[in-house]
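Chain by chain, the residues:
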Amino acid sequence: MSNYDFKSIEVKWQSYWEKKKSFKAERDSSKKKYYLLEMFPYPSGKIHMGHVRNYGIGDAVARFKRMNGFNVLHPIGWDAFGLPAENAAIQNKLHPAQWTEDNISTMQVQLKSLGLSYDWDREIATCRPEYYRWNQWCFLEFYKKGLVYRKKSQVNWCNSCNTVLANEQVIDGCCWRCDGKVEDRFQEGWFLKITDYADRLLEGCEKLSGKWPEQVLTMQTNWIGRSYGAEVDFPIRGKNEVIKVFTTRPDTLYGATFMVLAPEHSLVIKLSLGTEQEILVREFVSKAKQEDKLLRTNETVEKEGVFTGAYAVNPLTGKDVPVWTANFVLMDYGTGAIMSVPAHDQRDLDFARKYDLPVRIVIEPRDASLDESNMTEAFSAHGVMVNSGMFTGLFGDEAKRKVCEYLEEKNIGKAAVNFRLRDWGVSRQRYWGTPIPIVHCDDCGLVTIPEDQLPVKLPLDVELGDRGRSPLATLAKFYETQCPECGKLARRETDTLDTFVCSSWYFDRYTSAGNEQFPFNKEDLDYWMPVDQYIGGIEHAILHLLYSRFFHLVFKDLGFVKSDEPFKHLLTQGMVIKDGAKMSKSKGNVVNPDEIIRHYGADTARLFILFAAPPAKDLEWNSQGVEGCYRFLKRIWRIFDEFLNEIKSAGSIPQDYQTESKELIELRRITHVTIGRVTDDIQNRMQFNTAIAAIMEFVNHLYVFRDCWTSLKNNSNGARLVLRESFDALILLLSPFAPH
């Protein structure tokens, strides 16, 4: 009996696949296409078993689809720009380019050792000029379409990373990358107008229901945050200033008894100037800006505020209402100002009771009256308007509509839709990223770089500054240039693009990866896009996935793509957990797949990572499970070895084959039941663990069947045909999971 020599087997087949280019994809109109993609990896040095899970899931689907006659595109590349490479390079006294390219070489070897069925001819790396020139091209296309602008604004600043962060990159008041504290800062930067696409992004969420995880769609819907209501102007008494507020309850306007501004609002300090409140306001604003934004809005956190010394005028009652600033109002939503209606909002009521501010009831249930003097719970439901002048007696949506019509008629407000989503700030003050193709000219202003001068290359002969300060701003040979319009001396933009720009369209580039004239070929996009199955972590639900959908919509408007969405189906795989925490290099709990491949083989590594848990659930690392999968593969090898001569001597079973042998009938039944179960588990349910379990049950039956084989092979007509059919099925069913 031969041994299961996985090392020679895996080397043999990997060499064969590479030599024959077995997984190279070409357009073929005679075949139905299937575009399978895992989120491309960041070249961090070495992959761990958490990565293997992502790639193993994708490869199982890719191989299954090929076996079913699909023309499969399954590419790989590297999300290679960004802070981690830059920080690691500083720490290791290496250039980010060298650090990144070295890591790519290491990870290429690792991925190939797993036998993943990638089309390596389409490999991309976002840090190479042949890729990022097209990032710059995208920026210019967006600019021409009016979707790019530059302004000075309050930004999220991470001191640890020494750069600006987009709103989506701030999690619980901390940097998404380093967990460092994020603070507010006013700074000029470039923005993409993702808000122009807010409605279409929401409509897309509805259409993706049933194809994407509902959790992801809910997260995106909440982040976009569409609200219907009214914008209302509250003039400031004695000043030529107006506070504009957005409210979802215009029917409660008569009950607005005070205003609250976010501490960051530009009017807060201005309104307090020269009043007795000025010092208190300045102290409060300074304190509030240091507080965590998420905590400021948390229901359990004490709501604090200060009177600014100014009064606004309620446009419907004509009465003065005091203007306060408070920690629970943020600039991130609406206008950064709210009208407070304490009788009908619990937070406002608690604040009013704390600071002895008036409470006025303007909405009541149809069958009861409310008493504002002893109210402890706000009535926030819809009801009948009371104490509301000409609107008294109106109810619900009709009440809101009538109030909005009146506001518009009197030019003091209007019906409005508000979004939580803010435009995407893409300027980064770090070196390792795509240079922005803009020059600043004293005479011409902001001037775009002509397309035939792209790429604006990132200079490699630089030394990184302390704490990652970008050398571009002080490197004369980079920033000194000529204006493309007037030819005079100009200054090149020294900010780089947010690296999420790289990943917002890379799936399009894969379709035409070798094209040097264009970022993509329309015929390639028309054939391959959209991605049929996308696989990655839930942590990208808002950042990468939302940005990619935005880019795709813009590309559709520009006539580049036909589909509404870039990814038809999405699977968010669970994390690999070890020692009670997500497997990651930062936690020091990674398992290197090289060790598993060395001791057990790539097929064992792949089989375990797919068998240990359903793909969408977290997987608890278990070394004994690896051993178990290795034993299972050896078990398959042994029974194949036992029956090898019998299988070789048999032909294919005819369609009209019949037998009276109960054992052969049962073997055929189990064979075809297993084929059905595995097919359904992969194709319809994406449940690889149950598919592998079905194969294990099948193998168990083959061992039981072995005991009666001696009598069957001599006494039953066609027994070898049935045997061959079963073993052919077994090897094909196992192939997506253990392809070697």
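Above this note sits the structure.
Residues numbered from 1 in each chain as written. Predicted model: local features only at pLDDT ≥ 70, side-chain atom pairs only at ≥ 80, totals over all residues. Heavy atoms only, no water.

(A) The overall build of the chain, seen in detail. Along the backbone of the chain there are 23 helices and 30 strands. The dimensions of the chain, computed from C-alpha atoms along their principal axes, are 105 × 75 × 50 Å. Per-residue burial over the chain gives 56% buried out of 740 residues. Surface exposure of the chain reaches about 32700 Å², of which carbon and sulfur atoms provide 48%. Computing the positive centroid from 93 side-chain charges and the negative centroid from 99, the chain places the two 3 Å apart. (Helix = DSSP H or I, 4+ residues; strand = E, 2+ residues; numbered from the N terminus. Buried < 20%, exposed > 50% of the residue type's maximum accessible area, 1.4 Å probe, protein only. Areas by Shrake-Rupley, 256 points an atom, 1.4 Å probe, with all protein chains shown as cover. Lys, Arg positive; Asp, Glu negative; His and termini not counted. Charge placed at Lys NZ, Arg CZ, Asp CG, Glu CD.)

(B) Quick look at the pattern of salt bridges. Scanning the model with the defined rule gives 44 salt bridges in all. Put simply, Asp233 and Lys244 hold a salt bridge, and the shortest N to O gap is 2.8 Å. Residue Asp233 is found in strand β10 (residues 226–235), and its partner Lys244 is found in strand β11 (residues 242–247); the two are separated by 11 residues along the sequence. On the accessibility criterion, Asp233 (21% relative accessible area) is partly exposed. The partly exposed category is assigned to Lys244, whose relative accessible area is 38%. (Salt bridge = Lys/Arg side-chain N within 4 Å of Asp/Glu carboxyl O.)

(C) Here's a closer look at the sheet that holds β11. In space, the three strands of this open sheet follow the order β11-β10-β18, with antiparallel pairing throughout. Every interior strand has two partners, whereas the edge strands, β11 and β18 (413–419), have only one. Across the sheet, the axes of successive neighbouring strands diverge by a mean angle of 35°, strand direction being ignored. With six bridges connecting them, β10 and β11 associate as antiparallel partners. Bridge assignment links Glu231 to a residue of β11, and that residue is Phe246. Contacting β10 and β18, helix α12 (residues 396–409) runs over the sheet at an angle of about 115° to β18. (Pairing = 2+ DSSP bridges. Axes fitted to C-alpha atoms, helices over the stretch in contact; angles between N-to-C directions. Contact = heavy atoms within 4.5 Å.)

(D) Fine view of the side chain of Gln573. With respect to the helices and strands, Gln573 occurs in strand β27 (residues 567–573). Given the relative accessible area of 12%, Gln573 is considered buried. Leaving out residues up to four positions away in the same chain, Gln573 has contacts with Asn54, Ile57, Ile535, Gly536, Gly537, Pro615 and Ala616.

(E) Region of the structure containing unusual backbone geometry. Residues Leu454 and Pro455 are joined by a peptide bond in cis, for which omega reads 0°. Here Pro455 shows up in the loop between β22 (445–448) and α13 (476–479). Cis geometry is found at the peptide bond from Met529 to Pro530, where omega equals 0°. Its location among the elements puts Pro530 in the loop between α15 (522–528) and β26 (531–537). Notably, Lys21 is not glycine yet its phi reads approximately 50°, a positive angle. Within the secondary structure, Lys21 is located in the loop between α1 (6–20) and β1 (33–38).

(F) Main features of the sheet that holds strand β5 (residues 148–158). Reading across the sheet, the four strands line up as β6-β5-β9-β19 and stay open at both edges, with antiparallel pairing between neighbours. The outermost strands of the open sheet, each flanked by one partner alone, are β6 (163–165) and β19 (424–425). Pairing geometry for strand β9 (residues 182–192) and β19, over two bridges, is antiparallel. For Leu192, the partnering residue across the bridge sits in β19 and is Trp424.

(G) Up close: the side chain of His344. Structurally, His344 can be placed in the loop between β15 (337–340) and α11 (346–355). A residue is classified by how much of its surface remains accessible, and His344, at 7% relative accessible area, is buried. Within the structure, His344 has its side chain in polar contact with the backbone nitrogen of Val362 (distance 2.9 Å). Every residue in contact with His344, bar those within four places of it in the chain, is listed here: Thr252, Arg360, Ile361, Val362, Ile363, Ala378, Phe379 and Ser380. (Polar contact = N/O pair within 3.5 Å; in protein donor to acceptor, adjacent residues only side chain to side chain.)

(H) Spotlight on helix α20 (residues 662–683). With 22 residues, α20 ought to run about 32 Å at 1.5 Å a step, and its terminal C-alpha atoms sit 31 Å apart, in line with that. Along α20, the residues classified as buried are Leu664, Leu667, Ile670, Thr671, Thr674, Val678, Asp681 and Ile682. Along the axis of α20, the buried residues cluster in a sector spanning 130°; they form a single face. (Expected span 1.5 Å × (residues − 1). Arc of directions from axis to C-beta.)

(I) Molecular detail of helix α17 (residues 593–600). Of the residues making up α17, those classed as buried are Pro593, Ile596, Ile597 and Tyr600. An end-on view of α17 places all buried positions within 100° of arc, on one side of the element. As for α17, its buried residues are in contact with α1, α2 (49–67), α4 (96–113), α18 (602–611) and α19 (623–648).

(J) A look at the packing of aromatic side chains. Within this structure, the stated rule accounts for 53 aromatic pairs. A cation over a ring is seen here: Lys65 above Phe70, with NZ or CZ 4.8 Å from the ring centre. The ring of Tyr703 carries the charged tip of Arg635 above its face, separated from the ring centre by 4.1 Å. (Phe/Tyr/Trp six-rings, centres within 6.5 Å; stacked < 30°, edge-to-face > 60°. Lys NZ or Arg CZ within 6 Å of the ring centre and 35° of its normal.)

(K) Local environment of the pairing of strand β24 (residues 489–492). As paired elements, strand β21 (residues 438–441) and β24 share two bridges and run antiparallel to each other. Bridge pairing in β24 places His440 opposite Arg491. Two elements, strand β23 (residues 480–482) and β24, share three bridges in a ladder whose sense is antiparallel. Bridge assignment links Thr481 to a residue of β24, and that residue is Ala490. Linking two consecutive strands that pair antiparallel, namely β23 and β24, is a turn of six residues; a positive phi of about 80° is found at Gly487 within it.

(L) Representation of the packing of α18 against helix α21 (residues 688–706). The interhelical angle for the contact between α18 and α21, taken along N-to-C directions, is 115°, at an axis separation of 7 Å. Counted together, Leu607, Leu610 and Phe611 of α18 and Phe688, Asn689, Ile692, Ala693 and Met696 of α21 form the full contact between these two elements. Partitioned by chemical class, the residues of the contact of α18 with α21 number seven nonpolar, one polar and no charged. (Nonpolar A, V, L, I, M, F, W, Y, C, P; charged D, E, K, R; others polar.)

(M) Spatial organisation of the packing of α20 against helix α23 (residues 719–734). Put simply, α20 and α23 touch, their axes get as near as 10 Å, and they point 20° apart. It follows from the interaxial angle that α20 and α23 lie roughly parallel. Once α20 is placed against α23, the crossing between them reads as left-handed. Side by side, α20 and α23 meet where Leu664, Leu667, Arg668, Thr671, His672, Thr674, Ile675 and Val678 of the first sit next to Ala719, Val722, Glu725, Ser726, Ala729 and Leu733 of the second. Counted by class, the contact of α20 with α23 contains eight nonpolar, four polar and two charged residues. (Parallel < 35°, antiparallel > 145°, perpendicular 65-115°, else oblique. Left-handed = near helix turned anticlockwise from the far one by under 90°.)

(N) Summary view of the pairing of β10. The pairing of β10 with β18 spans seven bridges and is antiparallel. Among the inter-strand pairings, Ala230 is bridged to a residue of β18, identified as Ala415. The turn joining β10 and β11, which pair antiparallel and follow one another in sequence, is formed by six residues; a positive phi near 80° is taken by Gly238.

(O) The arrangement of the nonpolar core in detail. Ranked by size, the top nonpolar core spans 176 residues in total, and within it Trp424, Tyr506, Phe551, Trp621 and Phe737 carry the most contacts. Examining the composition of this core, we find that 11 residues originate from one element, α21, more than from any other. Among residues more than four places away in sequence, those in contact with Phe551 are Cys138, Phe142, Leu192, Trp424, Val501, Ser504 and Trp505. (Core = buried A, V, L, I, M, F, W, Y, C linked by side-chain atoms within 4.5 Å.)

Interpretation note: all reported values are geometric properties and have no functional meaning in isolation.
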